[in-house]
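What the coordinates show
Given next are the chains, with one letter for each unit.
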Amino acid sequence: MIAPLVLAAAAVTSVPDLDLARYAGKWYEIARYPNRFQKSCAGEVTAEYVLQPDGRIRVINECRRADGSLNRAEGVARKASDTGPNAQLKVRFAPAFLSFLSAVWGDYWVIGLAADYGYAVVGDPSREYLWILSRTPTMTDSAYRESVAAAAASGFDATRLIRTRQLR
């Protein structure tokens with residue numbers, strides 16, 4: 001019997017260079033993989049990144065629940081490795097006193113980025129999480145296709161993406 005051909009998934013790779021100062025600011029979620037910590041988010045999902053003097057990044061995630069209330073989570077991000085690229089970060093939303101535990105830090109890799117920083121594609125090496133972010137609440141069809149192509153190039157399944165409701 002001949003063994004079936006198994007294609008290896010492409011390696012998840014981050015963009016080669018990320019200017020954190022340009023990346024900082026407000027982003028609108030355009031699409032994401034469903035995940036447990038955004039289960040209550042009905043729409044209007046945003047993320048804001050603020051550079052801190054110590055080199056870390058303050059992270060403020062917000063979304064609107066179905067009942068109209070606002071859900072807000074604050075965390076911190078840092079480079080995954082002192083010698084690694086800026087595009088590979090670790091993020092934590094757990095209390096600071098737990099920061100010594102590696103389990104509270106999640107991978108946050110920028111795997112796609114528009115030349116003008118108009119959109120970003122964020123994933124993790126396990127391909128469990130994926131987000132498409134934009135500087136504006138809407139995205140052109142061509143920019144969305146480019147972002148999905150960047151995700152697919154790292155082996156992400158675009159059919160799992162759900163679009164995020166944003167107010168215009």
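Residues numbered from 1 in each chain as written. Predicted model: local features only at pLDDT ≥ 70, side-chain atom pairs only at ≥ 80, totals over all residues. Heavy atoms only, no water.

A look at the nonpolar core
- Membership of the largest hydrophobic core comes to 21 residues, with the highest contact counts inside it found for Leu18, Tyr23, Tyr49, Tyr108, Val110, Val122 and Leu133.
- Looking at this core, the elements with two or more residues in it are α1 (20-23), β2 (43-51), β3 (57-64), β5 (88-92), β6 (106-113), β7 (119-123) and β8 (130-134).
- Every residue in contact with Val110, bar those within four places of it in the chain, is listed here: Ser14, Val15, Leu18, Tyr23, Ala87, Val121 and Val122.
- Membership of the second largest hydrophobic core comes to 19 residues, among which are Ile30, Tyr33, Leu130 and Leu161. (Core = buried A, V, L, I, M, F, W, Y, C linked by side-chain atoms within 4.5 Å. Buried < 20%, exposed > 50% of the residue type's maximum accessible area, 1.4 Å probe, protein only. Helix = DSSP H or I, 4+ residues; strand = E, 2+ residues; numbered from the N terminus. Contact = heavy atoms within 4.5 Å.)

Brief notes about the pairing of β2
- Relative to β2, strand β1 (residues 25-32) runs antiparallel, the two sharing 4 bridges. Bridge pairing links Tyr28 to Thr46 in β2.
- Summarising the sheet, β2 and β3 pair through 7 bridges and their orientation is antiparallel. Looking across to β3, one finds that Tyr49 is bridged to Val59.
- Where β2 hands over to β3, the hairpin turn is made up of 5 residues, of which Gly55 adopts a positive phi near 95°. (Pairing = 2+ DSSP bridges.)

With respect to the state of the cysteines
- For the structure shown, the criterion picks out 1 disulfide.
- Linked covalently through their sulfurs, Cys41 and Cys63 form a disulfide whose S-S length is 2.1 Å. Its S-S torsion of approximately -75° makes the covalent link between Cys41 and Cys63 left-handed. Pair noted here: Cys41 is in the loop between β1 and β2 and Cys63 is in strand β3, with a separation of 22 residues, a long-range link.
- Under the relative-accessibility criterion, Cys63 is labelled buried at 1%. (Disulfide = S-S within 2.5 Å.)

Considering the environment of Ala150
- Along the chain, the position of Ala150 falls in helix α2 (residues 141-153).
- Placed 135 residues apart in sequence, Ala150 and Val15 show a C-alpha to C-alpha distance of 9.9 Å.

Considerations on the environment of Glu48
- Among the structural elements, Glu48 can be located in strand β2.
- Between the alpha carbons of Glu48 and Gly25 there is a distance of 5.3 Å; along the sequence they are 23 residues apart.
- Leave out the neighbours within four places in its chain, and Glu48 touches Gly25, Lys26, Arg58, Val59 and Ile60.

Topic: α2
- Taking 1.5 Å as the rise per residue, α2 with 13 residues should run 18 Å; its terminal C-alpha atoms sit 18 Å apart, in good agreement.
- Burial in α2 covers these residues: Ala143, Tyr144, Ser147, Val148, Ala150 and Ala151. For α2, the arc enclosing every buried residue in end-on projection is 155°, short of the 170-degree limit, so these residues lie on one face. Exposed side of α2, more than 90 degrees from the buried face: Asp141, Arg145 and Ala153 are the residues found there.
- Two residues or fewer past α2, Gly155 is found with a positive phi of approximately 85°. (Expected span 1.5 Å × (residues − 1). Arc of directions from axis to C-beta.)

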